[in-house]
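# Structure assessment
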Amino acid sequence: QNMDAGQQFTSSGGTHPLHPRADGMLYDGERIPLHRDLQQVLKDYTKAVMAERPADVVEWSASYFGNLAREAARKESPNAALARSAPSEFRRLPVEIQDRISDVFLAYDKDMSGFINKREFWTMLKEVGAFFGVQPSEKEAEDQLKAMDMNSDLVLSWFEFASAQARWLKAKGVK
């Protein structure tokens, strides 16, 4: 239930009438904008925190709102569009893994072409390899690109990238 103009809002500063704005937001007497969705968000949060009774409320709250933000972002993010166009073996992976793979693809598709070209792939392998203490040679990177490149055009489409990652994870036993 949303708060409407004329209702009273109680804050640490006292009780104030709500005032409508042209954009649909409501202001309290202290001129604090109250988003119409805030009441439901806080209600859901309060119920969740009371049900969970976390030992560390701040840490739990950070996780709660982080998950809420990720869920909202997933609905509107490029990852959602990528997931719909991914091969079936990729879509069978856990959503968290799909999101991480999508994030990597989007991060290294520097020119936002929808493809990872040879230069972008080389950059990705150098940076990811450095994290694991591995530095592939340029020849190894080119060989890896060719192995993942289903149509031999020397760029990786999202479908090719997702397929290769799903196959690799399957070989590693990730389901």
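Provided above is the structure to which this section pertains.
Residues numbered from 1 in each chain as written. Predicted model: local features only at pLDDT ≥ 70, side-chain atom pairs only at ≥ 80, totals over all residues. Heavy atoms only, no water.

On the secondary structure map, glutamine 144 appears in helix 7 (residues 138-148). What makes glutamine 144 partly exposed here is its relative accessible area of 38%. Ignoring anything within four residues of it in the chain, the contact list for glutamine 144 reads Phe121 and Leu125. (Helix = DSSP H or I, 4+ residues; strand = E, 2+ residues; numbered from the N terminus. Buried < 20%, exposed > 50% of the residue type's maximum accessible area, 1.4 Å probe, protein only. Contact = heavy atoms within 4.5 Å.)

Turning our attention to the layout of surface pockets. Quantified by volume, the largest pocket comes out at close to 810 Å³. Lining of the largest pocket is provided by 20 residues; of these, Leu125, Val128, Phe132, Gln165 and Trp168 occupy positions nearest its centre. Every element with two or more residues in the lining of the largest pocket is listed here: helix 5 (95-108), helix 6 (118-131), helix 7 and helix 8 (158-171). Of the residues belonging to the lining of the largest pocket, the class tally is 15 nonpolar, three polar and two charged. (1 Å grid on protein atoms, 1.4 Å probe; cavity = no way out; pocket = protein on both sides within 12 Å on 5 of 7 lines; lining within 4 Å. Points joined across faces, edges and corners; volume = space filled by probe spheres on them. Nonpolar A, V, L, I, M, F, W, Y, C, P; charged D, E, K, R; others polar.)

Together, Val128, Phe131, Phe132 and Val134 make up an exposed nonpolar region whose accessible area comes to about 450 Å². Take phenylalanine 132: it is sitting in the loop between helix 6 and helix 7. (Patch = residues over 30% accessible without salt bridge, like charges linked within 9 Å, V, L, I, M, F, W, Y side chains within 5 Å. Areas by Shrake-Rupley, 256 points an atom, 1.4 Å probe, with all protein chains shown as cover. Salt bridge = Lys/Arg side-chain N within 4 Å of Asp/Glu carboxyl O.)

Nonpolar side chains tend to gather and get buried jointly when the protein is soluble and globular. Ranked by size, the top nonpolar core spans 19 residues in total, and within it Phe90, Ile101, Ile116, Phe121, Leu156, Trp158 and Phe161 carry the most contacts. Among the elements that line this core, the one with the most residues is helix 8, at six residues. If you look at the next biggest cluster of nonpolar residues, it comprises five residues, including Tyr45, Ala48, Trp60 and Tyr64. (Core = buried A, V, L, I, M, F, W, Y, C linked by side-chain atoms within 4.5 Å.)

The subject of this paragraph is the packing of helix 5 against helix 8. With their axes 11 Å apart at the nearest point, helix 5 and helix 8 run at an angle of 135 degrees to one another. Between helix 5 and helix 8, the angle falls in the class oblique. Between helix 5 and helix 8 lies a crossing of right-handed hand. On helix 8, the residues that touch Ile97, Ile101, Ser102, Val104 and Phe105 of helix 5 are Trp158, Phe161, Gln165 and Leu169. Tallied by class, residues from the contact of helix 5 with helix 8 come to seven nonpolar, two polar and no charged. (Axes fitted to C-alpha atoms, helices over the stretch in contact; angles between N-to-C directions. Parallel < 35°, antiparallel > 145°, perpendicular 65-115°, else oblique. Left-handed = near helix turned anticlockwise from the far one by under 90°.)

Turning our eyes to something else, we now look at the pattern of salt bridges. According to the stated counting rule, one finds three salt bridges in the structure shown. A salt bridge links lysine 118 to glutamate 142; the nearest nitrogen and oxygen atoms lie 3.1 Å apart. Placement of the pair is lysine 118 in helix 6 and glutamate 142 in helix 7, with a sequence separation of 24 residues. The class for glutamate 142 is partly exposed, based on a relative accessible area of 25%. Lysine 146 is paired through a salt bridge with glutamate 142; the nearest N and O atoms lie 3.3 Å apart. Here lysine 146 pairs with glutamate 142, and both are found in helix 7, just four residues apart, close to one helical turn. Residue lysine 146 is classed as partly exposed on the basis of its relative accessible area, which comes to 45%.

A positive phi angle, near 55 degrees, is found at methionine 112, a position not held by glycine. When you line up the elements, methionine 112 lands in the loop between helix 5 and strand 6 (115-116). We note that leucine 154 has phi near 65 degrees; this positive angle belongs to a residue other than glycine. With respect to the helices and strands, the residue leucine 154 is situated in the loop between helix 7 and strand 7 (156-157).

To continue, consider helix 7. Looking at helix 7, one finds that the buried residues are Ala141, Leu145 and Met148. Down the axis of helix 7, the buried set is contained in an arc of 70 degrees. They therefore lie on one face. Of the exposed residues in helix 7, the ones pointing more than 90 degrees away from its buried face are Lys139 and Ala147. Summarising the contacts, the buried residues of helix 7 are in contact with helix 6, strand 7 and helix 8. (Arc of directions from axis to C-beta.)

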